[in-house]
Structures are given as structure tokens and as C-alpha cells.
Amino acid sequence: MGFEVYFDHLVIFMTAVAVVAGIPLLLATVIGLVISFLQAITQIQDQTLAQTAKMVAIALTFLAIGGALVGPLYEGTISVFTEFWTYR
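Reading the values: the criteria
Residues numbered from 1 in each chain as written. Predicted model: local features only at pLDDT ≥ 70, side-chain atom pairs only at ≥ 80, totals over all residues. Heavy atoms only, no water. Helix = DSSP H or I, 4+ residues; strand = E, 2+ residues; numbered from the N terminus. Rg over C-alpha atoms; globule rule 2.2 N^0.38 Å. Contact = heavy atoms within 4.5 Å. Areas by Shrake-Rupley, 256 points an atom, 1.4 Å probe, with all protein chains shown as cover. Buried < 20%, exposed > 50% of the residue type's maximum accessible area, 1.4 Å probe, protein only.

Concerning the overall build of the protein chain
- Counting secondary structure elements, the protein chain contains 2 helices and 0 strands.
- By the compact-globule yardstick of 12 Å for 88 residues, the protein chain is too spread out, its C-alpha radius of gyration being 19 Å.
- With the C-alpha coordinates of the protein chain rotated into their principal frame, the extents come out at 65 × 25 × 15 Å.
- Sequence-distant contacts in the protein chain: of pairs separated by 6 or more residues, those separated by 24 or more amount to 76%.
- With the model as given, the accessible surface of the protein chain reaches about 6,600 Å², and the carbon-plus-sulfur share is 75%.

Laid out in C-alpha cells, this is it:
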């Protein structure tokens, strides 16, 4: 039980965090680009339109697939606390 165990847990958690944060951020980026493009075409000068759409999209993403996104973080936390006493 050395550095490798800690590093394995760190890699698992960092990958899970990247997935949890990456999917909504990617969705918000795409929606922001589409709305900005539509605003440029129609010459609408409303700055809150893109922000509101991004916030709604992120909220709907977490409501729709939030459980699947947070599942790996939950399982990793359970495994760390289950194996806690073996790391001494």
C-alpha cells in the first residue's frame, strides 16, 4: 500500500470530476455559440439571452443525467472510506 494506491484513487476522482464538469460545460459552450451566432445574424443586442439559455441548459442537464454523472464520484468515495483502515 504505497503511493500507487493513492495515485489510483486520485486518477479515478479527477476523471470523474472532469466528466461531471465537462459535459455541462460543453453543452453550455455549444448553446452559447449557437445563440451568439443567431444574435449576430438577427442583430439582437440582448446580453442576458445567452446566459439564461446556458443556465437553463445546465440545470436541465443535471436534472436529466445528474445521477449518472455523480455515480462514479459516489462509488469512489465509498471505496475510499471502505478501504480507509488498510492505508495505514
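Still more ground to cover, so stick around.
Observations concerning the environment of Ala16
- Relative to the elements of secondary structure, Ala16 occurs in helix α1 (residues 3–42).
- Under the relative-accessibility criterion, Ala16 is labelled buried at 6%.
- Sequence separation between Ala16 and Gly71 is 55 residues, and the spatial gap between their C-alpha atoms is 8.7 Å.

Geometric values such as these leave the question of function open.
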